[in-house]
Amino acid sequence: MNHFVGVHGGASASKKIVIVSGFTFFLFIIYQLFFFLNIPSRIPGLGIVRPTVLLFLILAVLLLAQRDKIAHKFNQPIFKAFSAFLIVLVVTLPFVTYPGSVLRTNLQIFIKAIVFLYFCALILDTEQRLKISLFIFVACQVFRVLEPLFLNITTGYWGSSTYMSGGEFANRLSGAPADVINPNELGFVIVTAIPFLHYFLLPRGWISKLFYFGLLALLLYALILTMSRGAFLALIVVGWFVFKESKRKILLICFGVVGVMAALSVMNDTQRERYLSLFSSDTKQSASAEGRINGIIKEFELGLKRPIFGFGLGTTAEAKFNTFGRRQASHTMYGELLIEVGIVGMYFFMRFIIAIRRQLKEGIVSAETCSDFYKTLFKICNVVFWMFVVYSINYWGLSQYYWYNLAGIVIAASILMNMNKIKELNA
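Being a predicted model, the structure only gives us computed values, none of them experimental.

Engineer: Could you clarify how one ought to interpret unusual backbone geometry in this entry?
Structural biologist: One non-glycine residue, N38, lies in positive phi territory at about 50°. Residue position: N38 is located in the loop between α2 (22-37) and α3 (51-65). If you check the backbone angles, R50 has positive phi at about 50° while not being a glycine. You can see R50 is positioned in the loop between α2 and α3. Relative accessible area serves as the criterion here: at 45%, R50 is assigned to the partly exposed category.

Rendered as structure tokens:
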């Protein structure tokens, strides 16, 4: 288990632990707020100075200046696996189809995503900092849902629509005007927030329980309005873990039945058929579900045209346009990996995913003798991990933040938990 701690030396180990400056942590919290709430688009003129990029550069310089405090953390298995993937990206760049597009446009998007791995793992070096960062993360996700939901209820805002058979369109709830997420991404935000709210709020007092159930009702109603079938499947994954670990399974079944009946009662015909199309081929929208599956198959077929090194990081839409005549984002992260980084890159990225899983398993076992906070956090991370695995079938992710954010949280929590064990042994 020593690879979790990052320091050795028995009784003197805890004395060697140092943390990054409070100013570095403060800027990271600001970075989270700017990134998740898209604050530059909310304040006129602020986007001109590109504050998110500026914050990233300042944080990178600050961490580099404090490298003696963080160097030991790079021995973590997750970091090693991801470093190998980065090396593969660099070495294979000359052999991809569109290296120019990678360097001009896509590399910046990728960097904005992967920094969450480094910032979370390197900056969240006390339990208090980890808790504050988690609170900011979850609060931002909840706000991103409640904002468009409030606009929908008060002004009739939807933000997006989807094509129906017969030339008709149906409204779908997306992120607020200041946000940049489509209905499927909003659904993903909803399902990501629910495990944190469930495990952190439900075990507390009755006020927390009431707050949780109120939020849950709003989040699930917003999920209905997104009409995101992928997010609905991800919710089933979360629900399965909650059910499996619960000691009150009969009560949960009753709650689930009531919830399904309530959901069906507030859905209109279009929304009802949208979700039923997951299980039935007789609905009007079953064709779109089949089209989604065919789109995933086509992505794997496209990836096999350049199977070794791929078309290049972030070039799925470009490869689709040059092959099919239509620009379109990826339908699945696994197909996206094959298209963009080929079999070689896909192998090393999956090693990174497996490293997260292994460290999660070790953390879950180790947390049994720790405080409730770490037991709960590792339980949440495990649920979120498997939800990501399933949702990635229907969602892109190589240049999205969510895998890297989870990896950074797992590293930070693992190190802190084992530091606490050392302190207890030395007390």
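Engineer: I tried to follow the state of the cysteines on my own but got confused; where do I start?
Structural biologist: Joining two cysteines, a disulfide is a covalent bond between their sulfur atoms. Summed over all chains, the structure comprises zero disulfides. Between C120, a cysteine without a disulfide, and C381, which holds the nearest cysteine sulfur, the sulfur-to-sulfur distance is 10 Å. The buried category is assigned to C120, whose relative accessible area is 1%.

Engineer: Sorry, what's going on with a nonpolar patch on the surface here?
Structural biologist: Taken together, F23, F26, L54 and I58 make up a surface patch of nonpolar side chains, about 390 Å² in accessible area. When residues of the nonpolar patch are traced back to their parent elements, those giving at least two are α2 and α3. Looking at where F23 falls in the secondary structure, it is placed in helix α2.

Engineer: Explain empty space enclosed by the protein to me, please; I cannot follow it from the model alone.
Structural biologist: By rolling a water-sized probe across the atoms, one finds the places where empty space is left. Taken as a whole and judged by the stated rule, the model has three cavities of 30 Å³ or more. Of the pockets and cavities examined, the largest cavity occupies roughly 60 Å³. Contributing to the lining of the largest cavity are F137, T192, F196, V384, F388, Y401, Y402, N405, L406 and I409. The residue makeup of the lining of the largest cavity, split by class, is eight nonpolar, two polar and no charged.

Engineer: Sorry if this is basic, but what is going on with the nonpolar core here?
Structural biologist: General note: in soluble globular proteins, nonpolar side chains tend to be found buried as a group. Counting residues in each nonpolar core, the largest one holds 115 residues, and the members touching the most others are L117, F352, I356 and Y404. Excluding residues within four positions of it along the chain, I356 makes contact with I78, F385, W403, L406, A407 and V410. A170, M227, M267 and Y275 belong to the second-largest nonpolar core, a separate cluster that totals six residues.

Engineer: Looking at this structure, how should I read the pattern of salt bridges?
Structural biologist: Note on pairing: side chains with opposite charge can pair once their charged atoms come close. For the coordinates displayed, the defined rule picks out five salt bridges. As a salt-bridge pair, E147 and R42 come within 2.9 Å of each other at their nearest N and O atoms. Of this pair, E147 sits in helix α7 (residues 127-155) while R42 sits in the loop between α2 and α3; the two residues are 105 residues apart in sequence, bridging distant segments of the chain. Overall, the relative accessible area of 19% leaves E147 in the buried class.

Engineer: Is there a simple way to explain the confidence of the model for the chain in this structure?
Structural biologist: Parts of the model with low pLDDT should not have their predicted coordinates read in detail. Mean pLDDT over the chain: 89, with 91% of residues reaching 70 or higher. Low pLDDT, under 50, characterises residues 1-15; the stretch is placed with 31 contacts to residues that sit more than four places away or in other chains.

Engineer: Before we go on, may I ask you to explain the side chain of H198 in this structure?
Structural biologist: On the secondary structure map, H198 appears in helix α8 (residues 183-201). For H198, the side chain forms a polar contact with the side chain of Y212, separated by 2.8 Å. In this view, H198 contacts P203, Y212 and V242; residues no more than four positions away in its chain are not counted.

Engineer: Can you help me understand the packing of helix α5 (residues 77-92) against helix α17 (residues 402-426) in this one?
Structural biologist: For any two helices packed against each other, the geometry is given by the interaxial angle and the distance between the axes. Running from N to C, α5 and α17 cross one another at 145°; their axes reach a closest spacing of 10 Å. Residues I78, F79 and F82 of α5 form the contact with α17, whose participating residues are Y404, A407, V410 and I411. Across the contact of α5 with α17, the residue classes break down as seven nonpolar, no polar and no charged.

Engineer: For this particular structure, what's the right way to read the packing of aromatic side chains?
Structural biologist: Geometry of an aromatic ring pair is reported as the spacing of the ring centres plus the angle between the planes. Applying the stated criterion across every chain yields a total of 45 aromatic pairs. With a centroid separation of 5.8 Å and an interplanar angle of 50°, the aromatic rings of Y31 and F116 are classed as tilted. Residue Y31 is located in helix α2, and its partner F116 is located in helix α6 (residues 99-123); the two are separated by 85 residues in the primary sequence. In this structure, Y31 and F116 share a single accessibility class: buried. Between F82 and Y404 the ring centres are 5.5 Å apart and the planes differ by 65°, which places this aromatic pair in the edge-to-face class. Placement of F82 in helix α5 and of Y404 in helix α17 is noted, with a sequence separation of 322 residues between them. There is no split in this pair, since F82 and Y404 are both buried. Three or more aromatic residues link up through ring pairs in this structure, and these residues are F28, Y31, F35, F36, F56, F116, F119, F137, F196 and Y401. Here the basic side chain of K131 rests over the ring of F373, its NZ or CZ set 4.9 Å away from the ring centre.

Engineer: I tried to follow helix α10 (residues 229-245) on my own but got confused; where do I start?
Structural biologist: Note on helix geometry: an α-helix contains 3.6 residues per turn, so any two residues three or four positions apart are oriented the same way. Compared with the 24 Å implied by 1.5 Å per residue over 17 residues, the 25 Å span of α10 between its first and last C-alpha is a close match. Restricting attention to buried positions, one finds in α10 the residues R229, G230, A231, A234, V237, V238, F241 and V242.

What counts, and at which threshold
- Residues numbered from 1 in each chain as written.
- Predicted model: local features only at pLDDT ≥ 70, side-chain atom pairs only at ≥ 80, totals over all residues.
- Heavy atoms only, no water.
- Helix = DSSP H or I, 4+ residues; strand = E, 2+ residues; numbered from the N terminus.
- Buried < 20%, exposed > 50% of the residue type's maximum accessible area, 1.4 Å probe, protein only.
- Disulfide = S-S within 2.5 Å.
- Patch = residues over 30% accessible without salt bridge, like charges linked within 9 Å, V, L, I, M, F, W, Y side chains within 5 Å.
- Areas by Shrake-Rupley, 256 points an atom, 1.4 Å probe, with all protein chains shown as cover.
- Salt bridge = Lys/Arg side-chain N within 4 Å of Asp/Glu carboxyl O.
- 1 Å grid on protein atoms, 1.4 Å probe; cavity = no way out; pocket = protein on both sides within 12 Å on 5 of 7 lines; lining within 4 Å.
- Points joined across faces, edges and corners; volume = space filled by probe spheres on them.
- Nonpolar A, V, L, I, M, F, W, Y, C, P; charged D, E, K, R; others polar.
- Core = buried A, V, L, I, M, F, W, Y, C linked by side-chain atoms within 4.5 Å.
- Contact = heavy atoms within 4.5 Å.
- pLDDT = per-residue confidence, 0-100.
- Polar contact = N/O pair within 3.5 Å; in protein donor to acceptor, adjacent residues only side chain to side chain.
- Axes fitted to C-alpha atoms, helices over the stretch in contact; angles between N-to-C directions.
- Phe/Tyr/Trp six-rings, centres within 6.5 Å; stacked < 30°, edge-to-face > 60°.
- Lys NZ or Arg CZ within 6 Å of the ring centre and 35° of its normal.
- Expected span 1.5 Å × (residues − 1).

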